[in-house]
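# Notes for the structure review
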Amino acid sequence: MGFIRYYQKGCDVKLVDKQRSLLMKLINVILLLASKMKLASISNFMSGYVTTIGKSIYSTPVWTPDMRAKPIVVHELAHVEQWSFKYAMKYIFSPKFRLRAESISIQAEMLCFPENFRNYSQLEARALRLYNYGIQVYPAMKELRERQKEVESGTPILAAQKVFVKFKGWKSEYPNAV
(Lines give C-alpha, C1' and ligand atoms only; values in the text may rest on other atoms or scores of the structure.)
Protein backbone atom coordinates (compact mmCIF):
# COMPACT_ATOMS: atom_id res chain seq x y z
CA MET A 1 0.00 0.00 0.00
CA GLY A 2 1.28 3.44 -0.91
CA PHE A 3 1.83 6.10 1.72
CA ILE A 4 -0.81 8.50 0.39
CA ARG A 5 -3.46 5.76 0.33
CA TYR A 6 -2.48 4.83 3.91
CA TYR A 7 -2.66 8.50 4.91
CA GLN A 8 -6.12 8.79 3.33
CA LYS A 9 -7.48 6.34 5.93
CA GLY A 10 -7.58 9.12 8.51
CA CYS A 11 -7.55 12.19 6.29
CA ASP A 12 -9.51 12.84 3.12
CA VAL A 13 -6.51 13.84 0.98
CA LYS A 14 -7.21 14.30 -2.73
CA LEU A 15 -4.66 14.22 -5.54
CA VAL A 16 -5.51 16.59 -8.39
CA ASP A 17 -3.80 16.77 -11.78
CA LYS A 18 -2.35 20.26 -11.75
CA GLN A 19 -2.32 20.49 -15.55
CA ARG A 20 -6.11 20.06 -15.70
CA SER A 21 -7.00 22.43 -12.88
CA LEU A 22 -8.45 25.81 -13.84
CA LEU A 23 -7.47 27.17 -10.43
CA MET A 24 -3.83 26.16 -10.95
CA LYS A 25 -3.83 27.69 -14.45
CA LEU A 26 -5.12 30.96 -12.99
CA ILE A 27 -2.48 30.92 -10.23
CA ASN A 28 0.15 30.22 -12.89
CA VAL A 29 -0.86 33.33 -14.86
CA ILE A 30 -0.75 35.45 -11.69
CA LEU A 31 2.70 34.11 -10.80
CA LEU A 32 4.02 34.72 -14.32
CA LEU A 33 2.82 38.32 -14.13
CA ALA A 34 4.31 38.71 -10.65
CA SER A 35 7.60 37.31 -11.94
CA LYS A 36 7.65 39.79 -14.82
CA MET A 37 7.08 42.58 -12.29
CA LYS A 38 9.93 41.16 -10.12
CA LEU A 39 7.53 40.38 -7.27
CA ALA A 40 8.20 36.64 -7.49
CA SER A 41 10.69 34.36 -9.16
CA ILE A 42 8.61 31.33 -10.00
CA SER A 43 8.54 30.63 -13.72
CA ASN A 44 7.81 26.88 -13.73
CA PHE A 45 4.85 26.71 -11.35
CA MET A 46 2.87 24.17 -13.35
CA SER A 47 5.68 21.65 -13.73
CA GLY A 48 8.20 22.48 -11.01
CA TYR A 49 6.02 22.86 -7.92
CA VAL A 50 3.51 20.74 -6.07
CA THR A 51 0.78 22.88 -4.52
CA THR A 52 -1.44 22.06 -1.55
CA ILE A 53 -4.71 23.86 -0.90
CA GLY A 54 -6.77 22.41 1.90
CA LYS A 55 -6.78 18.64 1.57
CA SER A 56 -6.06 18.78 -2.18
CA ILE A 57 -2.56 18.21 -3.46
CA TYR A 58 -2.12 19.55 -7.00
CA SER A 59 0.66 17.68 -8.74
CA THR A 60 1.65 15.97 -11.94
CA PRO A 61 -0.22 12.81 -12.99
CA VAL A 62 2.70 10.63 -11.80
CA TRP A 63 1.48 11.15 -8.22
CA THR A 64 -0.85 8.32 -7.24
CA PRO A 65 -2.22 7.12 -3.90
CA ASP A 66 -0.04 4.02 -4.28
CA MET A 67 3.29 5.80 -4.67
CA ARG A 68 5.99 5.23 -2.09
CA ALA A 69 6.73 7.78 0.59
CA LYS A 70 9.15 10.42 -0.63
CA PRO A 71 10.31 13.62 1.04
CA ILE A 72 8.07 15.76 -1.20
CA VAL A 73 5.02 13.62 -0.34
CA VAL A 74 5.72 13.99 3.39
CA HIS A 75 6.28 17.73 2.86
CA GLU A 76 2.93 18.26 1.14
CA LEU A 77 1.06 16.15 3.69
CA ALA A 78 2.47 18.41 6.41
CA HIS A 79 0.96 21.36 4.51
CA VAL A 80 -2.39 19.49 4.53
CA GLU A 81 -2.09 19.25 8.32
CA GLN A 82 -1.30 22.98 8.62
CA TRP A 83 -3.95 24.29 6.24
CA SER A 84 -6.78 26.66 7.11
CA PHE A 85 -8.12 29.74 5.34
CA LYS A 86 -6.17 31.96 7.73
CA TYR A 87 -3.04 29.90 7.00
CA ALA A 88 -3.54 30.42 3.25
CA MET A 89 -3.89 34.19 3.54
CA LYS A 90 -0.84 34.50 5.76
CA TYR A 91 1.14 32.14 3.49
CA ILE A 92 0.40 34.29 0.45
CA PHE A 93 1.04 37.69 2.00
CA SER A 94 3.70 37.14 4.68
CA PRO A 95 7.18 35.87 3.75
CA LYS A 96 7.88 35.37 7.47
CA PHE A 97 4.81 33.15 7.86
CA ARG A 98 5.62 31.36 4.59
CA LEU A 99 9.07 30.55 5.96
CA ARG A 100 7.58 29.11 9.13
CA ALA A 101 5.05 27.03 7.18
CA GLU A 102 7.72 25.68 4.84
CA SER A 103 10.08 24.97 7.73
CA ILE A 104 7.39 22.90 9.46
CA SER A 105 6.88 20.85 6.30
CA ILE A 106 10.64 20.42 6.01
CA GLN A 107 10.67 19.34 9.66
CA ALA A 108 8.29 16.51 8.70
CA GLU A 109 10.88 15.49 6.11
CA MET A 110 13.60 15.64 8.79
CA LEU A 111 11.60 13.26 10.96
CA CYS A 112 10.79 10.78 8.18
CA PHE A 113 14.04 11.01 6.20
CA PRO A 114 16.78 11.98 8.68
CA GLU A 115 19.48 10.83 6.26
CA ASN A 116 18.69 13.87 4.09
CA PHE A 117 19.58 16.27 6.91
CA ARG A 118 22.78 14.87 8.40
CA ASN A 119 25.06 17.81 7.65
CA TYR A 120 25.12 21.56 7.21
CA SER A 121 25.32 21.46 3.41
CA GLN A 122 22.10 19.42 3.16
CA LEU A 123 20.30 21.92 5.36
CA GLU A 124 21.76 24.80 3.39
CA ALA A 125 20.55 23.27 0.11
CA ARG A 126 16.98 23.26 1.47
CA ALA A 127 17.35 26.87 2.63
CA LEU A 128 18.52 27.88 -0.85
CA ARG A 129 15.46 26.25 -2.44
CA LEU A 130 13.24 28.55 -0.37
CA TYR A 131 14.65 31.60 -2.13
CA ASN A 132 12.10 31.21 -4.96
CA TYR A 133 9.41 31.53 -2.31
CA GLY A 134 10.60 35.04 -1.47
CA ILE A 135 12.61 33.88 1.52
CA GLN A 136 16.18 35.01 2.15
CA VAL A 137 18.80 32.33 2.83
CA TYR A 138 20.02 33.50 6.25
CA PRO A 139 16.55 33.59 7.88
CA ALA A 140 15.76 30.26 6.21
CA MET A 141 18.90 28.65 7.66
CA LYS A 142 18.10 30.06 11.09
CA GLU A 143 14.53 28.70 10.95
CA LEU A 144 15.62 25.28 9.64
CA ARG A 145 18.25 24.97 12.35
CA GLU A 146 15.50 25.70 14.89
CA ARG A 147 13.29 22.97 13.39
CA GLN A 148 16.30 20.62 13.48
CA LYS A 149 16.88 21.37 17.19
CA GLU A 150 13.21 20.57 17.87
CA VAL A 151 13.61 17.23 16.11
CA GLU A 152 16.76 16.46 18.10
CA SER A 153 15.08 17.37 21.41
CA GLY A 154 11.96 15.34 20.58
CA THR A 155 9.67 18.39 20.44
CA PRO A 156 8.67 18.81 16.78
CA ILE A 157 5.79 21.04 15.67
CA LEU A 158 2.40 19.26 15.76
CA ALA A 159 1.77 19.19 11.98
CA ALA A 160 5.18 17.57 11.36
CA GLN A 161 4.62 15.17 14.25
CA LYS A 162 1.23 14.06 12.84
CA VAL A 163 2.76 13.18 9.48
CA PHE A 164 5.64 11.35 11.19
CA VAL A 165 3.28 9.27 13.34
CA LYS A 166 1.40 8.17 10.22
CA PHE A 167 4.70 7.54 8.41
CA LYS A 168 5.89 5.26 11.26
CA GLY A 169 2.55 3.44 11.25
CA TRP A 170 2.77 2.91 7.49
CA LYS A 171 6.37 1.67 7.72
CA SER A 172 5.37 -0.70 10.49
CA GLU A 173 2.39 -2.14 8.59
CA TYR A 174 4.08 -2.18 5.18
CA PRO A 175 7.85 -2.55 5.75
CA ASN A 176 8.49 -3.67 2.16
CA ALA A 177 6.80 -0.55 0.73
CA VAL A 178 9.48 1.85 1.99
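Structural data are supplied above this passage.
This structure, assessed with the given rule, holds 9 aromatic pairs. Look at Phe3 and Phe167: their rings are 5.7 Å apart centre to centre, the planes differ by 80 degrees, and that puts the pair in the edge-to-face class. With a gap of 164 residues between them, Phe3 in helix α1 (residues 3-8) and Phe167 in helix α9 (residues 158-173) connect regions that are remote in the sequence. Given a relative accessible area of 0%, Phe3 falls into the buried group. Arranged with centres 5.2 Å apart and planes meeting at 55 degrees, the rings of Phe3 and Trp170 form a pair that is tilted. Here Trp170 lies in helix α9 and Phe3 lies in helix α1, a separation of 167 residues in the sequence. These aromatic residues form a ring-pair network of at least three members: Phe3, Tyr7, Phe113, Phe167 and Trp170. Just above the ring of Tyr91 sits the side chain of Arg98; from NZ or CZ to the centre is 5.8 Å. The ring of Tyr7 has Lys166 lying over it, and the distance from NZ or CZ to the ring centre is 4.2 Å.

Core analysis: the largest hydrophobic core is formed by 28 residues, its most contacted members being Phe3, Val74, Leu77 and Phe167. Top contributing element to this core by residue count: α9, with 6 residues. Not counting chain neighbours up to four residues away, the residues in contact with Val74 comprise Phe3, Ala108, Glu109, Cys112, Phe113, Val163 and Phe167. In this structure, Met110, Phe117, Leu130 and Met141 belong to the second largest nonpolar core, which totals 11 residues.

Basis of the calculations
- Residues numbered from 1 in each chain as written.
- Predicted model: local features only at pLDDT ≥ 70, side-chain atom pairs only at ≥ 80, totals over all residues.
- Heavy atoms only, no water.
- Phe/Tyr/Trp six-rings, centres within 6.5 Å; stacked < 30°, edge-to-face > 60°.
- Helix = DSSP H or I, 4+ residues; strand = E, 2+ residues; numbered from the N terminus.
- Buried < 20%, exposed > 50% of the residue type's maximum accessible area, 1.4 Å probe, protein only.
- Lys NZ or Arg CZ within 6 Å of the ring centre and 35° of its normal.
- Core = buried A, V, L, I, M, F, W, Y, C linked by side-chain atoms within 4.5 Å.
- Contact = heavy atoms within 4.5 Å.

In short, geometric facts, not functional conclusions.
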